Amino acid sequence: MATLGGQVTAFNNIKRTQQAFAAGLGGSGTNLTELDNFWGRIESVTLRASASLNDCSWDYISKVSQAGFADAIWSIGDRKGVTLSGTVGKDTALSGTYYCYILGFNHNAAKEGNNLIHFEFGFSALSGGTHIAFVDSSYDTIQGDTSTNTYLRMNKTRTNSGGWSASTMRNYTLNGGTKSFYAAFPADLKAVVKTITKYTDNVGNGSGSVASNVTATTDKLFIVSCFELRGQTSSGNSNEASYQQQYQYYKNGNAKIRKKHNATGTGSKFYTRSPVVSNGAQFLGLNVTDGGLTIYAEACEGVSPCFCV
Amino acid sequence: MKYVVHRRFKRKGIGGEFNLPRGIKCEEVDGTICYQGRPICLNTSQVAKEHFAANNDGCGLQRGDLTYAIAFGTPLTELQQNIARDTPSINRYIRDDCQAILFNDSFFHAPILELFSIKAKLGVK
C-alpha cells in the first residue's frame, strides 16, 4: 500500500526532474510558469518511449538536441522522412520524401560544436530501402556548363583550388539560392538547421599535405570528408585526420556505397569534400564497389548532403 | 524490466546530470530507464545501448560487456559482416536493412548464451 512518504518522494523526484529538464533546455529551472511549460515536454519525452525519430517534429528534435541528451532518446542510424521539393542545380528535380539518418551525436564536438545531431541523406525508405545519393541527368559525365546553378559536381571547371571552401558545391549547390539543396528543404527543417564548423583542406591546387591548409568553414549543409566517411585520408591531406573524426555510423561498419536516388537499382559514385593533394584537379569520392576514388572536379557525380540540428 | 549500468554513465540524461558507476541497478518505467525515479534515457536509445543492459536474469553486466564488444568494439570486417548477414542466428538481430550492420533492439536483450555464441561466430575479441 502506498504511503504518503512515498508520494512525497515521488513528487520530489518529479520536481527535481522538471527542474533539471527545464535547466537543460535553457531555462532557470526555478520559475513555476517555466516549469509548467516544460512539464508538457517531460510528459512528451516519457510518453514517447516507443515513438520513433520519424514521429517527432523537427522543432522537438531540435530542442532535445540543444538540451544535450538526444542520444538518450534516439539512436545512430535512426531515420526521419523529409519532403524535398524543387529543382537543385541544373535538373535534379526533387518532389518526394527522402529519409535522412543519424550519423552521430555531438560528433567531434570540441572542434565542430556541441549539442548537435549530425544527419545525412539518405535512404529511400524508413526501414530497409536503398542507401542513396542524389544525381542529375549528366551523371558520370563531364559538362562544359558554367552557369551558376550548374550540375551536381564540385566545381564548374577542372580545379580544386580553394578546396572545399571555394567550391561550387558548397557555395551554390548545397547552400546557395533557389536551386540549392537548402532551398529544397521544408520550412520546419530550415528553421532548426544549425551552422556547424567543419575543417577541410581549403587550399588544394596541388600544394601537398600541408597542415596549415586545413582550415575551418561554417556551413549549414555539407558533405562528408574522406576521413569522416572511411577513417582514412587516402590521397587527401593527411592533416585532416587531426581535425576530423570518422562518423560513428561508418565506424560501426555500416555500408558506405550508394545508389542513384532516381534509379535505386543502379550504383552511384559520390563526392567527399576532400581535395586530392597531389594535383589541382580532383576531389576524393567513393565508387560503387566501396573503393576510394579520385574525381575530376567538373565531373557530375552523386551528392549526399549532411546537416546538423 | 530491470537494468544495470555496465559502462559508467557520467553525463546528462533526460532528468539532468548523472554519475552512475558500473554495477548500479536501474529500472524501466514505460520504456524509460530510470534511476531512483529520475528518467535517464529511453530503452531504445544510443545511451541505453552503450551504458545499460537488461538485468532481469542477473546477467546484465555480462550482457552489457558482450553487446558492447560486438556492436561498438572494433568495427566488424567485411568478412564478419558477411557472416552476420548469412547466419540466421545472428541476422535476426540485425535491423531489416541489407546495407547496414545495425543491431536491433532484440540484440541488446538477447539471452546470454546466444550473445556468447554470436561473439564466437564473429570472432570478436
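A brief structural summary. Treat the numbers as computed from the prediction; the structure is a model and nothing was measured. (Residues numbered from 1 in each chain as written. Chains lettered and ligands numbered in written order. Predicted model: local features only at pLDDT ≥ 70, side-chain atom pairs only at ≥ 80, totals over all residues. Heavy atoms only, no water.)

A few points about the overall build of chain A
Quick note on the threshold: Note on conventions: DSSP H or I runs of at least 4 residues are helices, E runs of at least 2 residues are strands, and numbering of each starts at the N terminus. A simple rule labels every residue: compare its accessible area, found with a 1.4 Å probe on the protein chains alone, to the largest value its type can have, and call it buried under 20%, exposed over 50%, or partly exposed in between. Whether two residues are in contact is decided by their heavy atoms: any pair within 4.5 Å suffices. Areas reported here follow the Shrake-Rupley algorithm with a probe of radius 1.4 Å; residue values treat only the protein chains shown as occluding.
Tallying secondary structure elements over chain A gives nine helices and twelve strands in all. The 309 residues of chain A split such that 54% are buried. Intrachain contacts of chain A at a sequence separation of at least 6 include 64% that bridge at least 24 residues. Looking at chain A as shown, the accessible area adds up to about 11,400 Å², and 48% of this sits on carbon and sulfur atoms.

With respect to the overall build of chain B
Selection rule: Within these notes, the globule rule equals 2.2 Å times the number of residues to the 0.38 power, and the radius of gyration is based on C-alpha atoms.
Counting its secondary structure elements, chain B contains five helices and seven strands. Each helix (α) and strand (β) of chain B, taken in turn from the N terminus, gives the series β-β-β-β-β-β-α-β-α-α-α-α. For chain B, whose C-alpha radius of gyration is 15 Å, the value lies close to the compact-globule estimate of 14 Å for 125 residues. Projected onto the principal axes, the alpha-carbon positions of chain B cover approximately 40 × 25 × 25 Å. Taken over 125 residues, chain B has a buried fraction of 52%. At a minimum sequence separation of 6, the contacts of chain B that also span at least 24 residues come to 51%. Total accessible area on chain B is roughly 5,700 Å²; 53% of this is exposed by carbon and sulfur atoms.

Notes on the nonpolar core
For the record, the criterion: Residues belong to one nonpolar core when they are buried, are Ala, Val, Leu, Ile, Met, Phe, Trp, Tyr or Cys, and are joined through side-chain atoms within 4.5 Å.
Formed by 81 residues in total, the largest nonpolar core has its most connected members in W58, W74, F119 and F307 of chain A together with F52 of chain B. Among the elements that line this core, the one with the most residues is strand β2 (residues 92-105) of chain A, at eight residues. Residues in contact with F119 of chain A, not counting those within four places in the same chain, are L53, W58, I61, C100, Y101, I102, L103, P305, C306, F307 and V309 of chain A. Core analysis: the next-biggest nonpolar cluster, separate from the first, contains 19 residues, I90, F103, A110 and L122 of chain B among them.

Section: helix α3 (residues 78-86) of chain B
Each α-helix turn comprises 3.6 residues. Residues three or four places apart therefore point the same way. Residues and elements named next belong to chain B. Here is the rule: As used here, the arc belongs to the directions running from the helix axis to the C-beta atoms.
Buried residues of α3: Q80, Q81 and A84, and no others. Taken around the axis of α3, the buried residues stretch over an arc of 100°, which confines them to a single face. Facing away from the buried side of α3 by over 90 degrees, the exposed positions are E78, L79 and D86.

A few points about the environment of F134 of chain A
Residues and elements named next belong to chain A. With respect to the helices and strands, F134 occurs in the loop between β4 (132-133) and α5 (168-174). The class of F134 is buried, set by a relative accessible area of 1%. The sequence separation of F134 and K179 amounts to 45 residues, and the corresponding C-alpha distance is 14 Å.

Here's the deal with the packing of aromatic side chains
Spelled out, the test is: Side-chain rings of Phe, Tyr and Trp, where Trp is taken by its six-membered ring, are said to pair if the distance between their centres is within 6.5 Å; with planes under 30 degrees apart they count as stacked, over 60 as edge-to-face, and otherwise as tilted.
Per the counting criterion, the structure on display carries 22 aromatic pairs over all chains. An angle of 10° between the planes, with centres 5.2 Å apart, marks the rings of F119 of chain A and F307 of chain A as stacked. Placement of the pair is F119 of chain A in strand β3 (residues 117-123) and F307 of chain A in strand β12 (residues 306-308), with a sequence separation of 188 residues. Of the two residues, F119 of chain A and F307 of chain A, neither departs from the other in class, the shared state being buried. Ring geometry for Y68 of chain B and F72 of chain B: centres 5.5 Å apart, planes at 50°, overall tilted.

Quick look at the environment of G129 of chain A
Residues and elements named next belong to chain A. If you trace the backbone, G129 turns up in the loop between β3 and β4. Spatially, the C-alpha atom of G129 lies 9.6 Å from that of Y99, the residues being 30 residues apart in sequence. Setting aside residues up to four positions removed in sequence, G129 forms contacts with F123 and S124.

Overview of the sheet that holds strand β7 (residues 258-260) of chain A
Residue and element names in this part refer to chain A. Put simply, the rule is: Pairing between strands requires that DSSP locate at least two bridges from one strand to the other.
Read across the open sheet, the three strands follow the order β4-β7-β8; overall the sheet is mixed. On the outer flanks of this sheet lie β4 and β8 (263-268), each paired with one strand and no other. Pairing analysis gives three bridges linking β7 to β8, with the strands arranged antiparallel. Counted as the bridge partner of K259 is G267 from β8.

Let's talk about helix α5 (residues 112-122) of chain B
All names here are of chain B. For α5, the complete set of buried residues consists of I112, L115, I118 and L122. The arc enclosing the buried residues of α5, seen along the axis, measures out at 120°, which places them on a common side. Residues of α5 that are exposed and angled more than 90 degrees away from the buried face: L113 and A120. Residues of α5 that are buried in the fold lie against α2 (60-72), α3 and α4 (88-91). Positioned one or two residues after α5, G123 has a phi angle of 70°, which is positive.

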